[in-house]
Amino acid sequence: MNDSSWGAPPHAGQAGYWGPADQGPVPGAGPAGPAYDAQEAQQTRPMPIVPDGPAHGGDQDDDRGAARLSGPLFRDENVRGGVHDGAVHGGAVQGAGVHDGGALDAGVHDGGVRPQNVRQDQVRTHTSRDQNPEPMPDAPQPAPAPQKKSAGRDLSAAIGVGVGLGAVIIASLFIVKAVFVGVIAVAVVVGLWELTSRLQERKEIRAPLVPLAVGGAAMVVAGYVRGAEGAWVAMALTALAVLVWRMTEPPEGYLKDVTAGVFAAFYVPFLATFVAMMLTADDGPWRVLTFLLLTVVSDTGAYAVGWRFGKHKLAPRISPGKTREGLFGAVAFAMVAGALCTQFLIDDGAWWQGLLLGLAVAASATLGDLGESMIKRDLGIKDMGTLLPGHGGIMDRLDSLLPTAPVVWLLLVLFVGAG
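Described below are features of the structure shown in this document. Just so it is clear, the structure is predicted and the values come from calculations on it, not from any experiment.

1. What about unusual backbone geometry?
Okay, step 1: Unlike most non-glycine residues, E204 shows phi in positive territory, near 60°.
Okay, step 2: The residue E204 is located in the loop between α4 (177–203) and α5 (209–246) in this model.
Okay, step 3: The phi dihedral of D348 falls on the positive side, at around 65°, and the residue is not glycine.
Okay, step 4: Within the secondary structure, D348 is located in the loop between α8 (324–344) and α9 (351–379).

2. What to know about a nonpolar patch on the surface
Okay, step 1: On the surface, V233, L237, L240, L243 and V244 cluster together into a nonpolar patch covering about 430 Å² of accessible area.
Okay, step 2: Tracing the backbone through its elements, the reader meets L243 in helix α5.

3. Comments concerning the pattern of salt bridges
Okay, step 1: According to the stated counting rule, one finds 9 salt bridges in the structure shown.
Okay, step 2: We note a salt bridge from D283 to R287, for which the minimum N-O separation is 2.9 Å. When sorted by exposure, D283 lands in the same class as R287, which is buried.
Okay, step 3: A salt bridge links D369 to K322, with the shortest nitrogen-to-oxygen separation between them at 3.3 Å. One end of the pair, D369, is in helix α9; the other, K322, is in strand β8 (residues 319–323), and 47 residues separate them in sequence. Comparing D369 with K322, the two get one shared label, buried.
Okay, step 4: Three or more residues are tied together by salt bridges with common partners; here these are R206, R246, E249 and D257.

4. Quick look at helix α6 (residues 254–279)
Okay, step 1: Between its first and last C-alpha atoms α6 spans 37 Å; for 26 residues at 1.5 Å apiece the expected length is 38 Å, and the two agree.
Okay, step 2: Of all the bends found along α6, the most pronounced is centred on F266 and spans about 30°, while P269, a proline, follows it within four residues.
Okay, step 3: Burial runs high along α6: 19 of the 26 residues are buried.

5. Re the side chain of K376
Okay, step 1: Counting through the fold element by element, K376 comes out in helix α9.
Okay, step 2: For K376, a relative accessible area of 11% translates into the label buried.
Okay, step 3: There is a polar contact of 3.0 Å between the side chain of K376 and the side chain of D396.
Okay, step 4: Not counting residues up to four positions away in its chain, the partners in contact with K376 are I381, K382, D383, M384 and D396.

6. Topic: the pairing of β8
Okay, step 1: Sheet topology places strand β7 (residues 313–315) next to β8; 2 bridges connect them, and they run antiparallel. Residue pairing in the sheet places A315 in a bridge with S319 of β8.
Okay, step 2: Connecting β7 to the antiparallel partner β8 that follows it, the hairpin turn spans 3 residues.

7. Overview of the packing of helix α7 (residues 284–309) against α9
To characterise two packed helices, one gives the angle between the axes of the helices and the distance between these axes.
Okay, step 1: In contact at an axis separation of 9 Å, α7 and α9 are set at 60° when each is read in the N-to-C sense. By the angle between their axes, α7 is oblique relative to α9. Handedness of the α7/α9 crossing: right-handed. Contacts from T290, L294, T295, S298 and D299 in α7 reach L357, V361, A362 and A365 in α9.
Okay, step 2: Its residues assigned to classes, the contact of α7 with α9 comprises 5 nonpolar, 3 polar and 1 charged.

Quick notes on the rules
Residues numbered from 1 in each chain as written. Predicted model: local features only at pLDDT ≥ 70, side-chain atom pairs only at ≥ 80, totals over all residues. Heavy atoms only, no water. Helix = DSSP H or I, 4+ residues; strand = E, 2+ residues; numbered from the N terminus. Patch = residues over 30% accessible without salt bridge, like charges linked within 9 Å, V, L, I, M, F, W, Y side chains within 5 Å. Areas by Shrake-Rupley, 256 points an atom, 1.4 Å probe, with all protein chains shown as cover. Salt bridge = Lys/Arg side-chain N within 4 Å of Asp/Glu carboxyl O. Buried < 20%, exposed > 50% of the residue type's maximum accessible area, 1.4 Å probe, protein only. Expected span 1.5 Å × (residues − 1). Bend = angle between axes of the 7 residues up to and from the residue. Polar contact = N/O pair within 3.5 Å; in protein donor to acceptor, adjacent residues only side chain to side chain. Contact = heavy atoms within 4.5 Å. Pairing = 2+ DSSP bridges. Axes fitted to C-alpha atoms, helices over the stretch in contact; angles between N-to-C directions. Parallel < 35°, antiparallel > 145°, perpendicular 65-115°, else oblique. Left-handed = near helix turned anticlockwise from the far one by under 90°. Nonpolar A, V, L, I, M, F, W, Y, C, P; charged D, E, K, R; others polar.

In structure tokens:
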């Protein structure tokens, strides 16, 4: 199309111009007459020719291709073809009836013509077959292999660490008593660090570690030097130091922080002080060794019997791994070990005293283990630390020892005296 045809009046025979009406109707052309705009005719695209039907005249709305069909030539013809997603298959519309003097009953969908009265069984899209594939039969799954019962921790690492700790304790216990007191103080400080760190991480409780560590070490030394009286005085001073130290920080959370601090001071260093007080007797190293052996044997018996024969849970809400069978194993192992230890290690001791001592140790060790499990469950952790491979942290080894220490100290004083 050249520029001269835009906006110019129509002339017969002009190139690029549809001729006057006397040349006959042209398919796709508008009606002839003086009111016919040549410029509109030039911009209007012809209507696609529909097979098996008369020629149509009409105009187009715009360049987007949405057809508006009208005119006296459309009279009840059924146009053949098909519509799929806005495109005309075969150049025609299928199943759309045309009423007299009316427009084709069609709707615009996605930029094309979509018949409204087409039956659903006549319209089939390719995507319907793709989106609804035939279900595949489930392949038979192999039966799961039976799982072996696991001990729940690295036994080789646990045994190696246990033997190493035992060697350090035995060497310090029988060579120089003061060295063993230092070992207790170090274990107390590390245990306090683990406990306060977990409280801050999991509960945002800031128990002051500095006064706890200093007071805890002083408590152990005071118990060794001054006995129970010195331990109580050191405990009171440590609690007071915790109250004062926390005053240097903002008051928010003061009550829970100092409460946790006093609890930590009692739970870790004060209970450990009874081990130092056992050491002051003439046969102090043997009393401490008896205390350690009975606690370890009780834990080992509970673990071994419970892992092999345990079926009935002891306290499933607190420690799901502990069983009643394991408790019976702890009592049996501890009573046998207690009878042997009091008979051969403790001065003036008797085997029957060892039976009672072993029974008490099994009970206190189990309760201490459950108490530690209760704390860890409240904090949402499995172990207090990772310092000892196969065991967890220091507090995971002190859980049974701490509450057992005052029990053994008291029973030995009752049975054979303070020494």
